[in-house]
Amino acid sequence: MVVKAEAAPDAPRSVTILGSTGSVGTQTVDLVSRDPERFPVEALTANRNVTLLAQQARQLNARMAVVADPAAYAELKDLLSGSGIEVAAGSDAVAAAAERPADWVMAAIVGAAGLEPTLAAVRRGAIVAFANKEVLVCAGALMMEEVKTHGATLLPVDSEHSAIYQVFDFERTDSVARLILTASGGPFRTRDRGFMAAATREQAVAHPTWEMGAKISVDSATMMNKGLELIEAHFLFGIPEDRIDVLVHPQSVVHSLVEYVDGSVLAQLGTPDMRTPIAYSLGWPARIATPAERLDLVKAATLTFEAPDPVRFPALRLARAALQSGGGAPTILSAANEVAVQAFLDRRIGFLDIERIVEETLAALPHRPLRDLAAVREADADARREAAGRVTAIGATAVGSR
Ligand SMILES: NC(=O)c1ccc[n+]([C@@H]2O[C@H](COP(=O)([O-])OP(=O)(O)OC[C@H]3O[C@@H](n4cnc5c(N)ncnc54)[C@H](OP(=O)(O)O)[C@@H]3O)[C@@H](O)[C@H]2O)c1
């Protein structure tokens with residue numbers, strides 16, 4: 001479970017942003033750039049978008065810029081020549097960037113690729129703003145153990161977990177009856193399975209309330225995102241799976257809720273703008289101003305809630321089952337999902353093939369206990385291989401106009 005650490009002084013805080021060119025990354029850059037004296041930048045990292053990375057590094061006067069793809073090194077070096085900004089490339093260099101002495105590290109890489117760099121930040125006891133949920137899903141228990149051992153502070157950035165963090169009673173966890181994660185329901189909330197079977201990439205990434213990266217947008221459309229968040233919430237707050245519920249709330253105003261044993265329910269509300277939860281973690285324990293639109297409940301007028309539909313959205317059931325099964329099951333779930341979502345984004349499989357590949361991969365592989373990180377990497381690699389084989393098999397049949 002995350003532990004609320006002692007309040008840090010309201011002083012300058014050096015920052016590193018892992019995944020600075022992504023959706024969460026650019027919004028973090030936006031907030032940091034509004035107060036450069038308070039938030040000096042140590043390092044920025046990206047996968048291969050060197051144009052944006054170089055521009056951010058110059059704008060924020062970063063000490064270092066790192067690109068994961070070694071093939072992009074020469075271009076990054078060229079773009080930053082004469083700036084005095086250090087340049088490096090490769091996945092080891094991304095992890096090394098996280099080891100540099102920034103007070104605060106934003107973990108906003110997408111997928112299990114964020115595991116090593118997040119771990120590097122945790123192992124030096126940094127404040128880690130945690131967006132990269134796949135890392136907790138694939139290595140939850142081990143990651144939380146590392147957080148405890150090294151005295152790191154994990155601040156959730158996912159809007160749902162940030163909401164829970166803000167209303168969770170860390171002193172009296174016995175008084176928590178249940179966590180309620182809200183879900184927008186995604187772009188296919190009211191669609192039938194026939195529509196989903198033919199859904200295109202463009203339809204799946206068109207999220208009704210949030211603007212996000214492609215992978216998480218597809219995860220929202222399948223509702224696997226909520227499944228991953230359920231697993232994330234379990235590890236972050238130490239609440240068992242059967243006391244974590246999901247509620248579909250299309251307006252995305254109530255970001256999540258905690259129910260207490262006396263029947264009180266505490267929630268955090270706000271307009272759907274990721275800069276609010278990012279700012280909560282950036283300023284924590286102080287609050288910092290953001291340009292996010294203020295919540296006007298009169299304008300919002302109606303807030304609605306409905307139960308998720310397990311028939312149209314089986315991903316939630318798969319995630320619950322993986323968490324109950326334990327061991328490497330969540331690792332397999334997340335890795336197979338990453339492979340399948342990428343294949344869908346590449347138009348190699350259909351939308352409903354995603355959940356099928358995840359379910360079949362979970363059924364095909366043993367759910368071994370995860371004693372160490374080597375076991376996590378092995379379960380992750382096995383699942384990717386298994387899921388990729390299924391993508392290839394589906395790809396052998398025509399995918400028409402996808
Ligand atoms: N977007 C949201 O509103 C939101 C909300 C809650 C939680 N999250 C979580 O936050 C994480 C990031 O989401 P996002 O939407 O910001 O994703 P995104 O827009 O796709 O950005 C991903 C970032 O990671 C970098 N990256 C990708 N693959 C990498 C690799 N192999 N090694 C190193 N860096 C790599 C990308 O670099 P390039 O730009 O060079 O590709 C980019 O900077 C995800 O885990 C997501 O679930 C996102």
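Residue numbers run consecutively from 1 along every chain, following the written order of its sequence. Confidence filtering applies because this is a predicted model: local features only for residues at pLDDT of at least 70, side-chain atom pairs given and counted only at 80 or more, and all residues used for totals across whole chains, interfaces and linings. The basis for every side-chain value is the complete set of heavy atoms in the structure, and neither hydrogens nor water enter the calculation.

Named according to an unreviewed UniProt entry, the chain is 1-deoxy-D-xylulose 5-phosphate reductoisomerase originating from Azospirillum endophyticum. UniProt positions are given in the numbering used here, feature names are shortened, and annotations may be inferred rather than shown by experiment. Under the Catalytic activity (unreviewed entry) heading, UniProt states for the chain: "2-C-methyl-D-erythritol 4-phosphate + NADP(+) = 1-deoxy-D-xylulose 5-phosphate + NADPH + H(+)". As stated in UniProt under Sequence similarities (unreviewed entry), the record for the chain gives "Belongs to the DXR family."

(A) Highlighting the overall build of the chain. For helices the rule is a DSSP run of H or I covering at least 4 residues; for strands it is a run of E covering at least 2, with both sets numbered from the N terminus onward. When its secondary structure is counted, the chain shows 17 helices and 11 strands. Radius of gyration here uses only the C-alpha atoms, and the compact-globule reference equals 2.2 Å multiplied by the residue count raised to the power 0.38. A compact globule built from 402 residues would reach a C-alpha radius of gyration of about 21 Å, and the chain, at 20 Å, matches this within 12%. The C-alpha extent of the chain, read off along each of the three principal axes, is 55 × 55 × 45 Å. When burial is assessed residue by residue, the chain has 56% of its 402 residues classed as buried. Within the chain, contacts between residues separated by at least 24 positions form 69% of all contacts whose residues are at least 6 apart in sequence. In short, Shrake-Rupley with a 1.4 Å probe defines the accessible areas, and a residue's cover is counted only from the protein chains shown. For the chain, the exposed surface amounts to about 16600 Å²; the carbon and sulfur share of it is 51%. The buried label goes to any residue with under 20% of its type's maximum accessible area, the exposed label to any with over 50%, and the partly exposed label to all in between, with areas taken from a 1.4 Å probe on protein chains only. For this analysis, residues touch if any pair of their heavy atoms sits within 4.5 Å.

(B) Structural context of the site of the ligand. One heavy atom within 4 Å of a molecule or strand makes the whole residue count as near it. Near the ligand lie 24 residues; those nearest to it are Thr-21, Ser-23, Arg-48, Asn-49 and Glu-134. Contact between the ligand and Gly-19: an oxygen atom at 3.2 Å from a main-chain N or O atom of the residue. Counting of polar contacts relies on pairs of N or O atoms within 3.5 Å, with two restrictions inside protein: one atom must be capable of donating a hydrogen and the other of accepting it, and residues adjacent in sequence are counted only when both atoms are side-chain atoms. Separating an oxygen atom of the ligand from a backbone N or O atom of Asn-47 is a distance of 2.9 Å. In isolation the ligand has 900 Å² of accessible area, and contact with the protein removes 85% of it. Looking at side-chain class alone, the shell around the ligand contains 11 nonpolar, nine polar and four charged residues. Under the grouping applied here, Gly and all other residues not named as nonpolar or charged are polar, the nonpolar ones being Ala, Val, Leu, Ile, Met, Phe, Trp, Tyr, Cys and Pro and the charged ones Asp, Glu, Lys and Arg.

(C) Layout of the packing of helix H6 (residues 133–150) against helix H15 (residues 329–345). Each axis is a line fitted through C-alpha atoms, taken for helices only over the stretch in contact, and angles between the N-to-C directions span 0 to 180 degrees. At a closest axis distance of 7 Å, the pairing of H6 and H15 adopts a crossing angle of 140°. Between H6 and H15, the angle falls in the class oblique. Facing H6, whose interface residues are Glu-134, Val-137 and Cys-138, H15 presents Pro-330, Thr-331, Ser-334 and Glu-338. For classification, angles of less than 35 degrees are called roughly parallel, those exceeding 145 degrees roughly antiparallel, those between 65 and 115 degrees roughly perpendicular, and all remaining angles oblique.

(D) Focus on the pattern of salt bridges. Salt bridges are defined as contacts in which a side-chain nitrogen from Lys or Arg sits within 4 Å of a carboxyl oxygen from Asp or Glu. Considering all chains together, one arrives at 32 salt bridges under this definition. Ionic pairing is found between Arg-100 and Glu-42, a salt bridge with its closest N-O pair at 2.9 Å. Here Arg-100 is found in the loop between helix H4 (91–99) and strand E5 (104–107), whereas its partner Glu-42 is found in strand E2 (residues 41–46), with 58 residues between them in sequence. Accessibility classification places Arg-100 together with Glu-42 in one group, the buried group. Ionic pairing is found between Glu-386 and Arg-390, a salt bridge with its closest N-O pair at 2.6 Å. With Glu-386 and Arg-390 both in helix H17 (residues 373–395) and four residues apart, this pair spans about one turn of that helix. Judged by its relative accessible area of 24%, Glu-386 is partly exposed. Since its relative accessible area comes to 23%, Arg-390 is described here as partly exposed.

(E) Representation of H4. Inspection of H4 places Ala-93, Val-94, Ala-95, Ala-97 and Ala-98 among the buried residues, and these make up the whole buried set. Buried residues along H4 sit in contact with strand E1 (15–18), E2, strand E3 (64–67), strand E4 (86–89) and helix H5 (115–123).

(F) Representation of the side chain of Ser-256 in the model. The residue Ser-256 is located in strand E10 (residues 254–260) in this model. A distance of 3.3 Å separates the side chain of Ser-256 from the backbone nitrogen of Thr-182, its partner in a polar contact.

(G) Spatial organisation of helix H14 (residues 315–325). Every buried residue belonging to H14 is among Ala-315, Leu-316, Leu-318, Ala-319, Ala-322 and Leu-323, and all of these are buried. Buried residues along H14 cover an arc of 160° about the axis, so they all sit on one side. Where H14 is buried, its residues touch helix H10 (214–222), helix H11 (224–237), strand E9 (244–248), H15 and helix H16 (351–364). Backbone geometry just after H14 places Gly-326 at a positive phi near 75°. It is the directions from the helix axis to the C-beta atoms whose arc is reported.

(H) Summary view of the nonpolar core. If you look at the biggest cluster of nonpolar residues, it comprises 131 residues, and the most contacted ones within it are Met-106, Leu-179, Phe-237, Leu-333 and Phe-351. Ranked by the residues each element gives to this core, the list is headed by H15, at 11 residues. If we skip the residues at most four places from it in the chain, Leu-179 touches Ile-164, Phe-168, Ala-233, Phe-237, Ile-239, Arg-243, Ile-244, Asp-245, Leu-257 and Val-258. As used here, the term nonpolar core means buried Ala, Val, Leu, Ile, Met, Phe, Trp, Tyr and Cys residues forming a set that is joined through side-chain atoms within 4.5 Å.

(I) Structural context of the sheet that holds E5. One open sheet accounts for seven strands, arranged E4-E3-E2-E1-E5-E6-E7; its pairing is parallel. Looking at the sheet topology across the chains shown, the edges are occupied by E4 and strand E7 (153–156). Going across the sheet, the axis of each strand differs from the next one's by a mean of 15°, ignoring polarity. Here, a strand pair is defined by DSSP locating no fewer than two bridges between the strands. Judged from the four bridges that link them, E1 and E2 form a sheet pairing that is parallel. Opposite Leu-18, over in E2, you have Thr-45 as the bridge partner. Contacts between H5 and the sheet are confined to E1, E5 and strand E6 (127–130), with E6 contributing the most and set at about 150° to the helix.

(J) Quick look at the packing of aromatic side chains. Whether two aromatic rings pair depends on their centres lying within 6.5 Å, for rings of Phe, Tyr and Trp, where Trp uses its six-membered ring; planes under 30 degrees apart make the pair stacked, over 60 edge-to-face, and the rest tilted. Scanning the model with the defined rule gives eight aromatic pairs in all. Judged by centre distance (5.1 Å) and plane angle (35°), the ring pair of Phe-168 and Phe-237 falls under tilted. Here the residue Phe-168 occupies a position in the loop between helix H7 (159–167) and strand E8 (176–183), and Phe-237 occupies one in helix H11, the gap between them amounting to 69 residues. Judged by its relative accessible area of 5%, Phe-168 is buried. Its relative accessible area of 1% is what places Phe-237 among the buried residues. Ring centres of Phe-170 and Phe-237 lie 6.3 Å apart, and the angle between their planes is 50°; on these two criteria the pair is classed as tilted. Pair noted here: Phe-170 is in the loop between H7 and E8 and Phe-237 is in helix H11, with a separation of 67 residues, a long-range link.

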